[in-house]
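An overview of the molecular structure
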Amino acid sequence: MKFNITLLPGDGIGPEVVGEAVRVLDVIASKFGHIFNYNERLMGGCSIDKYGSSLTDETLADCKASDAVLLGAVGGPKWDDPNAKDRPERGLLALRKGLGVFANLRPVKVHPALIDSSPLKPEKLKDVDILVVRELTGGLYFGQPKMREMKDGRERAVDTLEYYDYEICRVMELAFNLARGRKKKVTSVDKANVLESSRLWRQLATQVGRDNPDVELEHMLVDTAAMKLITGPAWMDVIVTENMFGDILTDEASVLAGSMGMLPSASLSEAGVGLSHDTRMGLYEPIHGSAPDIAGKGIANPIGTILSCALLLRYSLKLEAEAMSIENAVGETITAGARTADIGGKLTTRQMTDEIIKHI
Ligand code: NAD
């Protein structure tokens, strides 16, 4: 089969890890008889430097026209000026909104051979297999008004936390569907004791839960969830939460797996999750940032990006056997002892990828 994939390597270690992930995709293409056409575009800080915009209309149009988008990471100290007209992160938010990818899926699995790389006690990490589903296009990051002003001689800043019922219901339904293929448990995380938007979130979660009685639903306050992720992560299956809570909890959850460099993510649109049938759009990226401290050294862990390719194959291209082939190869490579520096080894980004390719 033939597919078009837009590559947005971005900044810092982004190009390093995306370059290696493409080598893995090429091996999959030749092994399974597919053709992947890549269309590489600038996004983030590099796009600001070249075009004066973190995401150009042309790049967004190219992304929309493709079967899936693979992103590295954006940002870095060069573009950190808070007063700058444009920032790499703005491009990322505009890309998510433009593609309509409303749900971000982050699987967190602890590989048994990496238990010692995590700061948590080994007994806490046994059987950890969590899927965090984060709402991605609503909430505090997008709500209007969003502004700064002078009021009564004081500087004031406003962000707005806003959710419509349909935004909550579609991500909730997705979480229940995903839980059905797993341990059949959904933990809906909110702050319903304080926030009105969370009270709507909880009400609709309960409603969707009633329509899906075969899946167990529990409600949890975000502060409790932050604690449970550390004290009892093995009890959790699917966690579903709003945009900012999800942003914070997913980074916390990444610690369980030993390194930021290990974890993939998939951001899906209604089409991507089967709610409509016109396209299968999805945006796939590792959960880490551009890691300016190690950029250019060739030592970044490529696994988060390589596993993001597995999610791309699974969700956008509907190639399950190919996806599993990558996931199994990564598992076997780790079991065989291959390690980059972040997980206690000496392999370079390229050498780690070579090892994974040997196992495909
Ligand atoms: P980061 O994820 O880039 O790095 C955090 C730490 O983890 C660093 O020590 C880094 O070296 C390490 N690390 C990250 N990925 C790694 C990998 N693949 N292999 C080995 N080590 C890895 O987070 P940060 O330092 O807070 O942010 C750096 C820049 O990235 C900032 O400009 C930030 O805005 C941006 N950022 C972008 C995204 C994104 O593009 N989605 C996400 C988070 C941060």
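**Concerning the site of the ligand**
Surveying the vicinity of the ligand reveals 20 residues, the closest of which are E89, G289, A291, D293 and N301. One of the backbone N or O atoms of V74 is found 2.9 Å from an oxygen atom in the ligand. Note that an oxygen atom of the ligand is positioned 2.7 Å from one of the backbone N or O atoms of G289. In isolation the ligand offers 810 Å² of accessible surface; the protein chains occlude 69% of this area. Counted by class, the shell around the ligand contains nine nonpolar, seven polar and four charged residues.

**Overview of helix 12 (residues 349-358)**
Residues T349, M352, T353, I356 and I357 constitute the buried set of helix 12. When helix 12 is viewed along its axis, its buried side chains cluster within an angular range of 140 degrees and face the same direction.

**Points about the domain arrangement of the protein chain**
Taken as a whole, the protein chain is organised into domain 1 (1-100 + 264-360) and domain 2 (119-257). Here the C-alpha centroids of domain 1 and domain 2 sit 24 Å apart. Opposite the nine residues of domain 1 that make contact, domain 2 presents eleven residues. Of the roughly 880 Å² buried where domain 1 meets domain 2, counting both sides, 70% is carbon and sulfur surface. In terms of surface lost to domain 2, no three residues of domain 1 exceed L93, R96 and K97, which account for 46% of the buried area on that side. Along the contact surface separating domain 1 from domain 2 lie zero salt bridges. Remark: the boundary between domain 1 and domain 2 carries one residue pair in polar contact (both at pLDDT 80 or more).

Rules and cut-offs
- Residues numbered from 1 in each chain as written.
- Predicted model: local features only at pLDDT ≥ 70, side-chain atom pairs only at ≥ 80, totals over all residues.
- Heavy atoms only, no water.
- Near = heavy atom within 4 Å.
- Polar contact = N/O pair within 3.5 Å; in protein donor to acceptor, adjacent residues only side chain to side chain.
- Areas by Shrake-Rupley, 256 points an atom, 1.4 Å probe, with all protein chains shown as cover.
- Nonpolar A, V, L, I, M, F, W, Y, C, P; charged D, E, K, R; others polar.
- Buried < 20%, exposed > 50% of the residue type's maximum accessible area, 1.4 Å probe, protein only.
- Helix = DSSP H or I, 4+ residues; strand = E, 2+ residues; numbered from the N terminus.
- Arc of directions from axis to C-beta.
- Domains from an automatic or database assignment.
- Contact = heavy atoms within 4.5 Å.
- Buried area = accessible area lost by both parts, 1.4 Å probe.
- Salt bridge = Lys/Arg side-chain N within 4 Å of Asp/Glu carboxyl O.

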